[in-house]
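A structural walkthrough
Each chain, letter by letter, is given below.
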Protein chains: 2
Amino acid sequence: MKIRIGIFGYGNLGRGIESAIRQNSDMELVAVFTRRDPSTVKISTEGVEVAHADDVLNYKDKIDVMILCGGSATDLPVQTPELAKNFTVVDSFDTHAKIPEHFENVDKASKEAGKVSMISVGWDPGMFSLNRLYAGCILPEGQDYTFWGKGVSQGHSDAIRRIDGVLDGKQYTIPIDSALEAVRSGAEPTLTTREKHTRECFVVAEEGADLERIEREIKEMPNYFADYDTTVHFISMEELKRDHSGIPHGGFVIRSGKTGLNKENTHVIEYSLKLDSNPEFTASVITAFARAAYKLEREGATGCKTVFDIPPAYLSAQSAEELRAHLL
Amino acid sequence: MKIRIGIFGYGNLGRGIESAIRQNSDMELVAVFTRRDPSTVKISTEGVEVAHADDVLNYKDKIDVMILCGGSATDLPVQTPELAKNFTVVDSFDTHAKIPEHFENVDKASKEAGKVSMISVGWDPGMFSLNRLYAGCILPEGQDYTFWGKGVSQGHSDAIRRIDGVLDGKQYTIPIDSALEAVRSGAEPTLTTREKHTRECFVVAEEGADLERIEREIKEMPNYFADYDTTVHFISMEELKRDHSGIPHGGFVIRSGKTGLNKENTHVIEYSLKLDSNPEFTASVITAFARAAYKLEREGATGCKTVFDIPPAYLSAQSAEELRAHLL
């Protein structure tokens with residue numbers, strides 16, 4: 001009996017989930033739900049239905065875990081609590097500041113339905129959060145640092161594209177090596193925003209556009225670029241497609257701290273990711289946690305969970321005995 | 001109401017626990033137990049009793065969690081199941097091959113007592129195991145690599161000291177950079193024992209000893225050194241004490257794996273530790289998990305647990321709300 005998965009929303013993340021399910025032999029994809037006309041959506045798994053989002057309740061008894069693949073800005077705040085009324089749900093809600101509010105809404109819906117839900121699963125929030133938690137509990141007297149990249153920031157790329165005269169663009173967030181080294185030394189440096197990351201932009205401009213103005217507008221854009229050393233490269237659409245079509249990302253969570261009666265010993269804990277595809281890796285994390293949600297629900301748990309609440313063994317298809325014998 | 005901790009065995013690890021408790025304001029040290037004459041054992045915390053190991057049952061109602069700080073070879077296989085009959089216990093049993101047997105013994109004792117126990121807590125087994133588990137669940141198609149060092153191996157240092165003509169010695173296990181880089185590239189190389197680590201020995205010989213013979217005996221020692229490229233340096237006792245009295249360690253757990261419909265994307269997950277003091281860091285991990293054992297027991301759980309079974313939030317003194325708001 002496989003774990004029956006539904007995918008709600010079929011963009012990059014939804015396609016990543018579809019692909020990840022094939023790597024987990026205890027799971028099967030049952031249906032993909034879309035707000036588009038289902039006949040126009042072509043998926044990669046033969047024999048799996050594409051259904052309209054409005055018809056999702058018809059699948060109530062056919063799906064063990066529904067994985068939500070919409071955006072955090074407007075989709076998930078509505079969809080996750082709504083679907084939690086009828087399904088075991090997992091989402092990757094990533095607006096850090098609004099997590100408590102989202103948690104409350106989803107928790108209420110899941111508890112009323114007697115079901116389990118998981119929010120904010122991915123790598124940040126997600127695996128990075130877990131590493132901040134573990135490291136902070138092990139070294140209570142210390143300092144946390146999170147660096148992102150090298151990778152594509154969707155939000156910053158979108159911001160570039162909104163500038164007048166810009167046809168397309170891609171933005172890379174890049175951690176600064178000297179800052180990483182200072183943190184790894186255990187010196188617990190105080191680092192400004194500018195000292196931690198640089199931003200590099202590849203921009204395709206309209207013919208005849210004022211390149212100086214575009215570059216200035218990017219570099220001076222508040223919140224997005226003004227606090228960073230930013231480099232702007234103007235390239236052709238051909239070059240953008242050839243060299244910048246991937247969605248790589250990654251980053252580092254580092255904690256250094258002291259132990260000893262006189263705090264004489266320094267320790268550095270580092271977790272890092274180097275990802276060819278941000279959405280596929282996020283999907284792989286979500287898929288593992290979907291298994292945990294399924295197991296928890298079968299044990300009778302209810303309500304909303306985060307990565308902090310899940311015993312790590314629940315992510316695995318192996319038994320507790322196998323894990324102790326081979327991985328501990 | 002603080003969590004009342006007992007320390008059973010007062011060597012390097014026991015002293016590390018004593019020091020770690022001071023960094024966790026929700027805990028207090030109640031007593032240290034020793035097999036030596038208690039009047040000869042001087043501890044660093046004022047007002048805390050040193051008692052004889054034989055009197056431990058007198059403390060049954062005064063201690064919430066007993067942390068065992070003996071060795072895995074002969075102490076813990078006997079002590080942990082025995083103490084589990086009357087206490088919530090945590091140990092750092094690290095003989096990987098014997099974990100299933102140790103688990104069974106401790107689990108049985110804890111269940112009969114209606115108490116919780118935790119075994120094999122530390123960094124390997126422990127945090128490294130957790131990272132192998134998480135990474136393997138996220139990237140099911142991939143390869144795991146564990147490297148140790150640069151650090152002091154107690155077992156290998158002991159082996160050197162047993163050689164005729166050797167007064168003292170210290171052995172460092174050193175991961176080979178080119179192997180680390182090959183693994184980080186995502187190439188999933190097949191590495192021999194010799195290709196992963198080198199061993200460096202600092203040896204103090206008796207005056208007039210046959211240095212060539214000692215060096216040969218070290219380098220040809222089966223299991224310990226024969227499969228490695230080993231370097232031997234003869235130094236004075238003064239140099240050994242001055243330059244090699246620390247107990248640093250660390251290492252790397254790296255998994256690379258593929259995702260995508262055609263396995264076209266590679267991802268690398270890396271966890272690393274750089275530790276000034278191996279026993280103090282191990283003690284810091286154990287102390288955080290002692291909190292989890294305490295919480296689990298108050299919820300009514302019983303039986304033996306490992307790091308795989310513990311929801312990460314249980315390690316923290318913060319509430320679930322605080323963790324979601326600040327760390328997720």
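For the structure, see preceding data.
Summary of the structure given here. (Residues numbered from 1 in each chain as written. Chains lettered and ligands numbered in written order. Predicted model: local features only at pLDDT ≥ 70, side-chain atom pairs only at ≥ 80, totals over all residues. Heavy atoms only, no water.)

1. What to know about the overall build of chain A
- Along its length, chain A carries 11 helices and 14 strands.
- Taken against the 2.2 N^0.38 rule, which gives 20 Å for 328 residues, the C-alpha radius of gyration of chain A at 22 Å falls within 12% of a compact globule.
- Looking at the 328 residues of chain A, the share that counts as buried comes to 59%.
- Across chain A, contacts joining residues at least 24 apart in sequence account for 68% of those joining residues at least 6 apart.
- Per element, the accessible surface of chain A, about 13,900 Å² overall, is 46% carbon and sulfur.
- For chain A, the distance from the average site of its 37 positive side-chain charges to the average site of its 50 negative ones is 4 Å. (Helix = DSSP H or I, 4+ residues; strand = E, 2+ residues; numbered from the N terminus. Rg over C-alpha atoms; globule rule 2.2 N^0.38 Å. Buried < 20%, exposed > 50% of the residue type's maximum accessible area, 1.4 Å probe, protein only. Contact = heavy atoms within 4.5 Å. Areas by Shrake-Rupley, 256 points an atom, 1.4 Å probe, with all protein chains shown as cover. Lys, Arg positive; Asp, Glu negative; His and termini not counted. Charge placed at Lys NZ, Arg CZ, Asp CG, Glu CD.)

2. Observations regarding the relation of the copies chain B and chain A
- With an axial shift of 0.0 Å and an RMSD of 0.0 Å, the rotation relating chain B to chain A amounts to 180°. Each copy turns onto its partner about a two-fold axis.
- A shared interface surface links the copies, since 100% of the contact residues of chain B are contact residues in chain A too. (Least-squares fit on C-alpha atoms with pLDDT ≥ 70 in both.)

3. Observations concerning the packing of aromatic side chains
- One pass over the full model with this rule turns up 11 aromatic pairs over all chains.
- Grouping aromatic residues by their ring pairs yields a cluster made of A:F8, A:F33 and A:Y59.
- We note A:K196 situated over the ring of A:F147; from NZ or CZ to the ring centre the distance is 5.0 Å.
- Of note, A:R324 hangs over the ring of B:F103, and the distance from its end group to the ring centre comes to 3.4 Å. (Phe/Tyr/Trp six-rings, centres within 6.5 Å; stacked < 30°, edge-to-face > 60°. Lys NZ or Arg CZ within 6 Å of the ring centre and 35° of its normal.)

4. Regarding the side chain of A:S277
- Take A:S277: it is sitting in the loop between strand 13 (265-275) and helix 10 (278-298).
- Take A:S277: its relative accessible area is 8%, and that puts it in the buried class.
- Within the structure, A:S277 has its side chain in polar contact with the backbone nitrogen of A:E280 (distance 3.1 Å).
- Once residues lying within four places of it in the same chain are set aside, the contact partners of A:S277 are A:I247, B:N265 and B:H267. (Polar contact = N/O pair within 3.5 Å; in protein donor to acceptor, adjacent residues only side chain to side chain.)

5. Looking at the interface of chain B and chain A
- Chain B puts 67 residues into the contact, and the matching count from chain A is 67 residues.
- For the chain B and chain A pair, buried surface summed over both sides reaches about 5,900 Å², with 62% attributable to carbon and sulfur atoms.
- Of all residues in chain B, B:Q23, B:R324 and B:L328 give up the largest surface area on contact with chain A, accounting jointly for 14% of the area buried on that side.
- Applying the counting rule to chain B against chain A returns 0 salt bridges.
- Linking chain B with chain A are 32 residue pairs in polar contact (both at pLDDT 80 or more), by the criterion used here.
- Sort the elements by how many residues they give to the side of chain B that touches chain A and strand 13 (residues 265-275) of chain B lands first, with 11 residues.
- Classifying every residue of the side of chain B that touches chain A gives 33 nonpolar, 19 polar and 15 charged.
- Bridge count between strand 13 of chain A and strand 13 of chain B: 9 bridges; the pairing is antiparallel. Residue pairing across strands places A:L273 opposite B:I269, the latter belonging to strand 13 of chain B. (Buried area = accessible area lost by both parts, 1.4 Å probe. Salt bridge = Lys/Arg side-chain N within 4 Å of Asp/Glu carboxyl O. Nonpolar A, V, L, I, M, F, W, Y, C, P; charged D, E, K, R; others polar. Pairing = 2+ DSSP bridges.)

6. Remarks on the pairing of strand 2 (residues 27-34) of chain B
Residues and elements named next belong to chain B.
- Burial of strand 2 is extensive: 6 of the 8 residues sit out of reach of the surface.
- Alignment of strand 1 (residues 3-8) against strand 2, held across 6 bridges, turns out to be parallel. Residue R4 lies in a different strand from strand 2, and its bridge partner there is E28.
- For the handedness criterion, the β-α-β arrangement of strand 1, helix 1 (residues 12-21) and strand 2 is classed as right-handed. (Right-handed = clockwise from strand over helix to strand, strands pointing away.)

7. Focus on the sheet that holds strand 4 (residues 65-68) of chain B
All names here are of chain B.
- Read from one edge to the other, the open sheet built from 7 strands follows the order 3-2-1-4-5-6-14, with strand pairing classed as parallel. Two strands bound the open sheet, and with one partner strand each, they are strand 3 (49-52) and strand 14 (303-305).
- Sheet analysis places strand 5 (residues 89-90) next to strand 6 (residues 116-118), joined by 2 bridges and oriented parallel. Within strand 6, the position partnered with V90 by the bridge is M118.
- The sheet contacts of helix 1 involve strand 1, strand 2 and strand 4, and relative to strand 1 the element is tilted by about 165°. (Axes fitted to C-alpha atoms, helices over the stretch in contact; angles between N-to-C directions.)

8. Remarks on the environment of A:H197
Residues and elements named next belong to chain A.
- In this fold, H197 is placed in strand 10 (residues 197-205).
- A residue is classified by how much of its surface remains accessible, and H197, at 6% relative accessible area, is buried.
- The spacing of H197 and K150 is 47 residues in sequence and 9.4 Å in space, taken between C-alpha atoms.
- Here W148 takes part through its backbone nitrogen, which lies 2.9 Å from a polar atom of the side chain of H197.

9. Notes on the sheet that holds strand 12 (residues 249-259) of chain A
- In spatial order, the strands read 7(A)-12(A)-13(A)-13(B)-12(B)-7(B); together these 6 strands make up an open sheet with antiparallel pairing. Sheet topology places strand 7 (142-148) of chain A together with strand 7 (142-148) of chain B at the edges, where each strand pairs with a single neighbour. The average undirected angle you get between the axes of adjacent strands in this sheet is 10°.
- Of the pairings in the sheet, the one linking strand 12 (residues 249-259) of chain B to strand 13 of chain B comprises 11 bridges and is antiparallel in character. Paired with B:R255 across the two strands is B:I269, which belongs to strand 13 of chain B.
- In the packing of helix 4 (residues 127-138) of chain A onto the sheet, contacts are made with strand 7, strand 12 and strand 13 of chain A together with strand 13 of chain B, and the angle to strand 12 of chain A comes to roughly 5°.

10. A closer look at the pattern of salt bridges
Residues and elements named next belong to chain A.
- Scanning the model with the defined rule gives 38 salt bridges over all chains in all.
- Residues D64 and R4 are paired through a salt bridge, measuring 3.1 Å at the closest nitrogen-oxygen approach. Highlighted residues: D64 in the loop between strand 3 (49-52) and strand 4 (65-68) and R4 in strand 1 (residues 3-8), separated in sequence by 60 residues.
- What makes D64 buried here is its relative accessible area of 17%.

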